[in-house]
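What follows is each chain in one-letter form.
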Amino acid sequence: MRAARLAAPTVLLALAGSLIATAPSTGTEPATFSNQIVRVFQSHCQTCHRPGEIAPFSLTTYADAYAQRRKIRHVTQARKMPPWKPVPGFGDFLEPRRLTQAEIALIERWVVAGAPEGDPRDLPPPREFPGAWTLGIPDLVLDPAPDFAVAARDSDLYRCFTIPTRFAEDRWVSAVEFIPGNRRIVHHVLTYLDTSGASVALDDADPGPGYSCFGGPGFAARGGLGGWAPGARPHVMPDGVGMLLPAGARVVVQVHYHHRGNTTETDRTQLGLHFARQPIDKRVRVIPILNQGFLIPPGAARHEVKASYTLPPAWNLHAIAISPHMHLLGREMRVTATYPDGRTRPLIYIDDWDFHWQGSYTFTQPVPLPGGTRIDVAAIYDNSPANKRNPSTPPRAVRWGEGTTDEMCIAFLRVTVDAERLSAR
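Definitions and cut-offs
Residues numbered from 1 in each chain as written. Predicted model: local features only at pLDDT ≥ 70, side-chain atom pairs only at ≥ 80, totals over all residues. Heavy atoms only, no water. Helix = DSSP H or I, 4+ residues; strand = E, 2+ residues; numbered from the N terminus. Rg over C-alpha atoms; globule rule 2.2 N^0.38 Å. Buried < 20%, exposed > 50% of the residue type's maximum accessible area, 1.4 Å probe, protein only. Areas by Shrake-Rupley, 256 points an atom, 1.4 Å probe, with all protein chains shown as cover. Lys, Arg positive; Asp, Glu negative; His and termini not counted. Charge placed at Lys NZ, Arg CZ, Asp CG, Glu CD. Pairing = 2+ DSSP bridges. Axes fitted to C-alpha atoms, helices over the stretch in contact; angles between N-to-C directions. Polar contact = N/O pair within 3.5 Å; in protein donor to acceptor, adjacent residues only side chain to side chain. Contact = heavy atoms within 4.5 Å. Phe/Tyr/Trp six-rings, centres within 6.5 Å; stacked < 30°, edge-to-face > 60°. Arc of directions from axis to C-beta. Expected span 1.5 Å × (residues − 1). Salt bridge = Lys/Arg side-chain N within 4 Å of Asp/Glu carboxyl O.

Below, the discussion takes up the overall build of the protein. From N to C terminus, the protein includes 5 helices and 22 strands. Compactness check: the protein gives a C-alpha radius of gyration of 22 Å against a globular reference of 22 Å for 425 residues, within 12% of the reference. Each of the three principal axes of the protein carries a C-alpha extent, and together these read 60 × 50 × 45 Å. Per-residue burial over the protein gives 52% buried out of 425 residues. Only carbon and sulfur atoms are counted for the fraction: they give 53% of the accessible area of the protein, which is about 18,200 Å². Distance from the positive charge centre (45 side chains) to the negative charge centre (40 side chains) of the protein: 3 Å.

Put into structure tokens, the structure is as follows:
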């Protein structure tokens, strides 16, 4: 299922790189690119806005920024950029990509003043970005060779590549690193585990490398190994926690291509797996909280769909990450936990859903979910003609489904079991 603009997803991350220690001045003095603005861009923007990355323009030089100054002012004031969807105060997450109000005001002053360059001698050193594998050489590289060709202007293509692992025994994965082969067109990546061989049949039935797979992989997956969105840093599991790679499993890599150019591009996205070096006590599992029985009436501007799941009394868990998921009609999603004693805890709230900026969000601290806790999902959909993202004209009744014009209501929780003591490698 589409997760990330996973996006990023997913949802949803920043590539490892040296951060600039010098904080931008945000007082009332004249703002210049060289002295203040470039530092904001280095800290928050250049992960994606640099040559070879997915953003449509670079923000590494004054000429780059000056040409886009009005757009920068608009999208930062509207908080559309940087793309960070969770509403503050509804869950605490690692590496939030949000500008402070002072930074937004600084950009505003700079643009209003004519976007001055300032003295180039005030420029900080260029931000350095890691190349290749940031976590070091992986234990296993998954490569869906050969290259896959993406036609010009194909801005919503989902392709799944099924890759064998051929291990005779279960393996524990402590980290996964993704290297998009062509960052200009790879929008986000998700992974699924196939232990039945179903993905092979899907691949065989579809000409060319991989197979078409909008919405999901097309089979009942045995979990996954995470995903990637622009700016994603590889997440290393805590000591004693691992992701299970079952013996003989195939890793299905779903790539969302977003190609706006006028020529055919090629891609071969790779995954690097790092296996656990220490005994594993706890396995990461995924709990989907979903509703598959809804109908969104045509014309409804704010149609609510709910889903709920109560943990069995014997289950005591900790949530480490959450990934909301809807399609094009989605507008809002709120996920909360209600404890057995009646206390509630917000897990995530996205009030401006964008199918193209989904992500997986890792909690700053694992969230306790004792047995009997109820997880509630409340999602809002806009199936009116006023919704510019509505794929149907006129609007039609929409149900759960895998297709582009279908919908989904689901939140994935990545959890560990408190009492689990696997003591396995």
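Picking up after the structure, the text goes on.
Take the sheet that holds strand 18 (residues 344–350) next. Pairing is antiparallel across the open sheet formed by 4 strands, whose spatial order is 15-20-17-18. In this open sheet, the two edge strands, each paired with only one partner strand, are strand 15 (303–310) and strand 18. Along the sheet, successive strands turn relative to each other by an average axial angle of 15°, direction set aside. Alignment of strand 17 (residues 330–338) against strand 20 (residues 374–381), held across 8 bridges, turns out to be antiparallel.

What follows concerns the sheet that holds strand 13 (residues 285–290). If you trace the 4 strands from one edge of the open sheet to the other, you get 13-22-16-19, paired in antiparallel fashion. In this open sheet, the two edge strands, each paired with only one partner strand, are strand 13 and strand 19 (361–369). Strand-to-strand twist across the sheet, computed as the mean angle between neighbouring axes with direction ignored, equals 35°. Here 8 bridges tie strand 16 (residues 317–325) to strand 22 (residues 410–417), and the two strands are oriented antiparallel to one another. By the bridge assignment for strand 22, His 318 is matched with Thr 416.

With that settled, the discussion passes to the side chain of Glu 420. Looking at the element boundaries, Glu 420 is found in the segment after strand 22. Look at Glu 420 and you get buried, because its relative accessible area is 11%. At 3.0 Å, the side chain of Glu 420 forms a polar contact with the backbone nitrogen of Arg 283. Within the local environment of Glu 420, its side chain forms a polar contact with the side chain of Arg 285, the two groups lying 2.9 Å apart. Setting aside anything within four residues of it in sequence, one finds Glu 420 in contact with Asp 281, Lys 282, Arg 283 and Arg 285.

Before going further, it helps to examine the packing of aromatic side chains. For the structure on display, the rule yields 15 aromatic pairs. On the numbers, 5.7 Å between centres and 45° between planes, the contact of Tyr 62 with Tyr 66 is tilted. Note that Tyr 62 and Tyr 66 are positioned in helix 2 (residues 62–67) at a spacing of 4 residues, about one turn of the helix. Its relative accessible area of 33% is what places Tyr 66 among the partly exposed residues. Aromatic side chains Phe 294 and Tyr 381 sit 6.0 Å apart centroid to centroid with 20° between the ring planes, which places their arrangement in the stacked category. One end of the pair, Phe 294, is in the loop between strand 13 and strand 14 (295–296); the other, Tyr 381, is in strand 20, and 87 residues separate them in sequence. When its relative accessible area of 6% is taken as the criterion, Phe 294 is described as buried. Classification of Tyr 381 as buried rests on a relative accessible area of 0%.

Right, let's get into helix 3 (residues 69–77). Residues of helix 3 that are buried include every one of Arg 69, Ile 72, Val 75 and Thr 76, and no others. Looking straight down helix 3, one finds its buried side chains confined to an arc of 135°; they lie on one side. For helix 3, the secondary structure elements touched by its buried residues are helix 1 (33–44), helix 2 and helix 4 (101–112). Note on helix 3: the residue one or two positions beyond its end, Arg 79, has a positive phi of about 55°.

Buried residues dominate strand 11 (residues 270–275), accounting for 5 of its 6 residues. Here 6 bridges tie strand 4 (residues 171–179) to strand 11, and the two strands are oriented antiparallel to one another. The residue of strand 11 that forms the bridge with Val 176 is Leu 273.

To continue, consider helix 4. Along its 12 residues, helix 4 runs 16 Å from first to last C-alpha, staying within 8% of the 16 Å computed at 1.5 Å per residue. The set of residues buried in helix 4 consists of Glu 103, Ile 104, Leu 106, Ile 107, Trp 110 and Val 111. Mapping the buried residues of helix 4 onto a view down its axis gives an arc of 155°, with all of them on the same face. Of the residues in helix 4, the exposed ones pointing more than 90 degrees away from the buried face are Gln 101 and Val 112. Here the buried face of helix 4 lies against helix 1, helix 2 and helix 3. Looking one or two residues past helix 4, Gly 114 carries a phi angle of roughly 100°, positive in sign.

Below, the discussion takes up the pattern of salt bridges. Summed over all chains, the structure comprises 17 salt bridges. The salt bridge partner of Glu 108 is Arg 73, with a shortest N-O separation of 2.7 Å. Remark: Arg 73 occurs in helix 3 and Glu 108 occurs in helix 4; sequence separation between them is 35 residues. Of the charged contacts, one joins Asp 119 and Arg 121 as a salt bridge, the two residues approaching to 2.7 Å between their closest N and O atoms. Under the relative-accessibility criterion, Arg 121 is labelled exposed at 74%. Connected through salt bridges with shared partners, the residues Lys 85, Arg 331 and Asp 352 form a single ionic network.

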